[in-house]
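Coordinate analysis (summary)
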Amino acid sequence: RKNMASFLFMSNTRGGNTGAKTEGYLFKRGAVNKDYKERYFRLYGSLMRYYKDEFAKNSLGEINLYTSLVVNSPMEKGFKVVSASRTFHLRARTEKEVEVF
């Protein structure tokens, strides 16, 4: 399926025609189902949108980083984004992948 060893976040210019500054796969914990699912993220300035995969046209949701608090979680190779309405738990395969964000 996807080779996570060559994680897509390693290139900040991968945005291509999407206009995203950074994009690639992360694992997002669900709000209801607490399992982590792999999602494709695109970062547009302070707006982060997530998709089912890199080919999806419509986003599943978005996170406004300007109005949120980002908390690093190095033990989990990830970070939390705390907004007024929800806390998003995001993970990567390696700490280096987290740093690219």
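The structure reproduced in this document is the subject of the present report. (Residues numbered from 1 in each chain as written. Predicted model: local features only at pLDDT ≥ 70, side-chain atom pairs only at ≥ 80, totals over all residues. Heavy atoms only, no water.)

Remarks on the overall build of the protein chain
Definition in use: Here a strand is any run of E in DSSP of at least two residues, a helix any run of H or I of at least four, and the numbering for each starts at the N terminus. When accessible area is computed with a 1.4 Å probe and restricted to protein chains, residues below 20% of their type maximum are described as buried, those above 50% as exposed, and intermediate ones as partly exposed. Residue contacts are defined here by distance: any two heavy atoms, one from each residue, within 4.5 Å place the two residues in contact. Only the protein chains shown count as cover for residues, with accessible areas throughout obtained via the Shrake-Rupley method and a probe of 1.4 Å.
Tallying secondary structure elements over the protein chain gives one helix and seven strands in all. Listing the helices and strands of the protein chain from first to last along the sequence gives β-β-β-β-β-β-β-α. Taken over 101 residues, the protein chain has a buried fraction of 38%. Long-range contacts, defined as pairs at least 24 residues apart, comprise 29% of the intrachain contacts of the protein chain with a sequence gap of at least 6. For the protein chain, the computed accessible surface area is about 6,300 Å², with 50% contributed by carbon and sulfur atoms.

Overview of the pattern of salt bridges
Worth spelling out the cut-off: For this document, the term salt bridge refers to a Lys or Arg side-chain nitrogen within 4 Å of an Asp or Glu carboxyl oxygen.
Per the counting criterion, the structure on display carries two salt bridges. Close ionic contact of Arg42 with Glu23 constitutes a salt bridge, the shortest N to O distance being 3.3 Å. In this pair, Arg42 is assigned in strand β2 (residues 36-44) and Glu23 in strand β1 (residues 22-29), connecting sequence segments 19 residues apart. Look at Arg42 and you get buried, because its relative accessible area is 8%. For the salt bridge of Glu62 with Arg49, the shortest nitrogen-to-oxygen distance reads 3.1 Å.

A few points about the pairing of strand β3 (residues 47-51)
Our working rule: Pairing between two strands requires that DSSP report at least two bridges joining them.
Examined bridge by bridge, β2 and β3 share five bridges and lie antiparallel to one another. Bridging across to β3, Tyr40 finds its partner in Tyr51. Adjacent in sequence and paired antiparallel, β2 and β3 are bridged by two residues, among which Gly45 carries a positive phi angle near 60°.

A few points about the environment of Thr67
So the rule is basically this: The definition of a polar contact used here is a pair of N or O atoms within 3.5 Å, where within protein one atom must be able to donate a hydrogen and the other to accept one, and adjacent residues in sequence count solely through side-chain atom pairs.
Turning to its location among the elements, Thr67 is positioned in the loop between β4 (61-64) and β5 (69-73). Judged by its relative accessible area of 55%, Thr67 falls in the exposed class. Reaching out from Thr67, the side chain makes a polar contact with the backbone oxygen of Asn64 at a distance of 3.5 Å.

A few points about the nonpolar core
Cut-off, in case you're wondering: Definition of nonpolar core: a set of buried residues of the types Ala, Val, Leu, Ile, Met, Phe, Trp, Tyr and Cys, connected through side-chain atoms within 4.5 Å.
Formed by Leu26, Phe41, Leu43, Met48, Tyr50, Ile63, Phe79, Val81, Phe88, Leu90, Ala92 and Val98, the largest nonpolar core amounts to twelve residues. Sorting the residues of this core by element identifies β2, β3, β6 (78-82) and β7 (87-91) as the ones contributing at least two each. Ignoring any residue separated from it by four or fewer positions in sequence, one finds Tyr50 in contact with Lys28, Arg39, Tyr40, Phe41, Ser59, Leu60, Gly61, Glu62, Ile63, Arg86 and Phe88.

Re the packing of aromatic side chains
Going by this rule: The criterion for an aromatic pair is that two Phe, Tyr or Trp rings (for Trp, the six-membered ring) have centres within 6.5 Å, with stacked assigned to planes under 30 degrees apart, edge-to-face to planes over 60 apart and tilted to the rest. For a lysine, the NZ atom is tested; for an arginine, the CZ atom; a charge sits over a ring if that atom is within 6 Å of the ring centre and within 35 degrees of the ring normal.
Per the counting criterion, the structure on display carries three aromatic pairs. Judged by centre distance (5.6 Å) and plane angle (40°), the rings of Phe41 and Tyr50 are tilted. The two residues Phe41 and Tyr50 agree in class, both being buried. Relative to Phe88, the ring of Tyr50 has its centre 6.3 Å away and its plane inclined at 65°; by these criteria the two rings are edge-to-face. Separated by 38 residues along the polypeptide, Tyr50 in strand β3 and Phe88 in strand β7 bring together distant segments of the chain. Here Tyr50 and Phe88 have matching classes, each one buried. Among the aromatic residues, those joined into a cluster by ring pairs are Phe41, Tyr50 and Phe88. Looking at Arg49, its charged tip hangs above the ring of Tyr44, at a distance of 5.4 Å from the centre.

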